[in-house]
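Below are the chains, spelled out letter by letter.
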Amino acid sequence: MNDSTHGIRIRPGSLADAPAILDMLDGAVVWMNGRGNTEQWGTTPYSQKPGGVARVERYTTENAPYIAELDGRPVGALVLDSGPSPQMPIASAEEPERYVRLLVSDRRYAGLGIGAALLAHAAEETRRAGVGLLRVDCWAGGGGELVAFYERNGFTPTDRFLFGSWPGQVLARRVG
């Protein structure tokens, strides 16, 4: 499971990766806040949010986690599931699907294509499973940069939603 992009290697994740994933999530909150974005993930480090640690541990034990490594160091994480979170106001697809439940990269390695490599890997894993649909949801606020990132990676916006006051966008990608 290697990806040639900048020497990034993608491997299956496990519970042992939970601390590294939490560090990446905490770093992402700091990075977003430093850019003035306090709406997407708030201002509290993910590891200190109620249920944050347990959620990441569930991701690594109940879902399909993948870790991107650069020189043996975890620099990104992706979690695949069979559908959206039941806590989100998102309808299940009317066909089998794979769903990106988490995508995060270590902001110190921004610009190396870590997120794109993980999404390409998710598409390949979806195809390998004989499933034709890969979906993801993301924050649709700000200037729409995150939605544009997914569009650049082959996803098409489908449904918009609100989770409280948090604007979200579902995007889909056909694979196969």
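Note on numbering: residues in each chain are counted from 1, in written sequence order. For this predicted model, a pLDDT threshold of at least 70 governs which residues receive local features, and a threshold of 80 or more governs which side-chain atom pairs are given and counted, while totals over whole chains, interfaces and linings are taken from all residues. Hydrogens are left out, water is left out, and the side-chain values use all remaining heavy atoms of the structure.

Enquirer: Looking at this structure, how should I read the pattern of salt bridges?
Expert: When charged atoms on two side chains of opposite charge get close, those side chains can pair. Salt bridges are counted wherever a side-chain nitrogen of Lys or Arg sits within 4 Å of a carboxyl oxygen of Asp or Glu. Counted under the stated rule, the structure contains 11 salt bridges. Measuring nitrogen to oxygen at the nearest pair gives 2.6 Å for the salt bridge that ties R135 to E97. Taken together, the residues R135 in strand β5 (residues 133–139) and E97 in the loop between β3 (73–81) and β4 (98–105) connect sequence positions 38 residues apart. In this structure, R127 engages E124 in a salt bridge whose closest nitrogen and oxygen atoms are separated by 2.6 Å. Remark: E124 and R127 occur in helix α3 (residues 114–128); sequence separation between them is three residues, near one turn of the helix. Salt bridges here are not isolated pairs; linked through shared partners, they connect R9, R11, D17 and E69. By the criteria applied, helices consist of DSSP H or I runs no shorter than four residues and strands consist of E runs no shorter than two, each listed in order from the N terminus.

Enquirer: Looking at this structure, I do not really get the side chain of N63. What am I missing?
Expert: Relative to the helices and strands, N63 is located in the loop between α2 (52–62) and β2 (64–70). Polar contacts, as used here, are pairs of N or O atoms within 3.5 Å; protein pairs need one atom able to donate a hydrogen and one able to accept it. Residues neighboring in sequence count only if both atoms are side-chain atoms. Reaching out from N63, the side chain makes a polar contact with the side chain of D81 at a distance of 3.1 Å. Setting aside chain neighbours within four positions, we find N63 in contact with R58, V79, L80 and D81. The contact criterion used is simple: two residues touch if any of their non-hydrogen atoms lie within 4.5 Å.

Enquirer: Just checking my understanding: could you explain the side chain of D17 for this structure?
Expert: You can see D17 is positioned in the loop between β1 (8–12) and α1 (18–34). The cut-offs for exposure are 20% and 50% of the maximum accessible area for each residue type, with area from a 1.4 Å probe on protein chains only; residues under the lower value are buried, those over the upper are exposed, and the others partly exposed. Look at D17 and you get buried, because its relative accessible area is 7%. In terms of polar contacts, D17 uses its side chain to reach the side chain of R11, at 2.7 Å. Leaving out residues up to four positions away in the same chain, D17 has contacts with R11, P12 and I67.

Enquirer: Can you walk me through the pairing of β4 in this structure?
Expert: Every regular strand shows the same layout, with side chains that alternate between the two sheet faces. Summarising burial for β4: six of the eight residues are buried, a large majority. Strand pairing is assigned whenever DSSP detects at least two bridges linking the two strands. When β3 meets β4, the two strands line up antiparallel, connected through six bridges. Pairing of G76 across the sheet is with S105, part of β4. Relative to β5, β4 runs parallel, the two being bridged by three bridges. Of the residues in β5, the one forming a bridge with Y99 is R135.

Enquirer: How do you make sense of the packing of aromatic side chains when you look at a structure like this?
Expert: Given two aromatic rings, one states the distance between the centres and the angle between the planes to describe the pair. Geometry of aromatic contacts follows a simple scheme: Phe, Tyr and Trp rings, the Trp one being its six-membered ring, pair when their centres are within 6.5 Å, and the pair is stacked under 30 degrees between planes, edge-to-face over 60, tilted otherwise. Counting across every chain of the model gives three aromatic pairs. Arranged with centres 5.2 Å apart and planes meeting at 70 degrees, the rings of F149 and Y150 form a pair that is edge-to-face. Aromatic side chains Y150 and F155 sit 5.8 Å apart centroid to centroid with 85 degrees between the ring planes, which places their arrangement in the edge-to-face category. In this structure Y150 comes out as buried when scored by relative accessible area, which is 5%. Site record: aromatic cluster; members linked through ring pairs are F149, Y150 and F155. In this arrangement the basic side chain of R107 is found over the ring face of W31, its NZ or CZ atom lying 4.0 Å from the centre. Counting as a charge over the ring demands two things of the Lys NZ or Arg CZ atom: a distance within 6 Å of the ring centre and an angle within 35 degrees of the ring normal.

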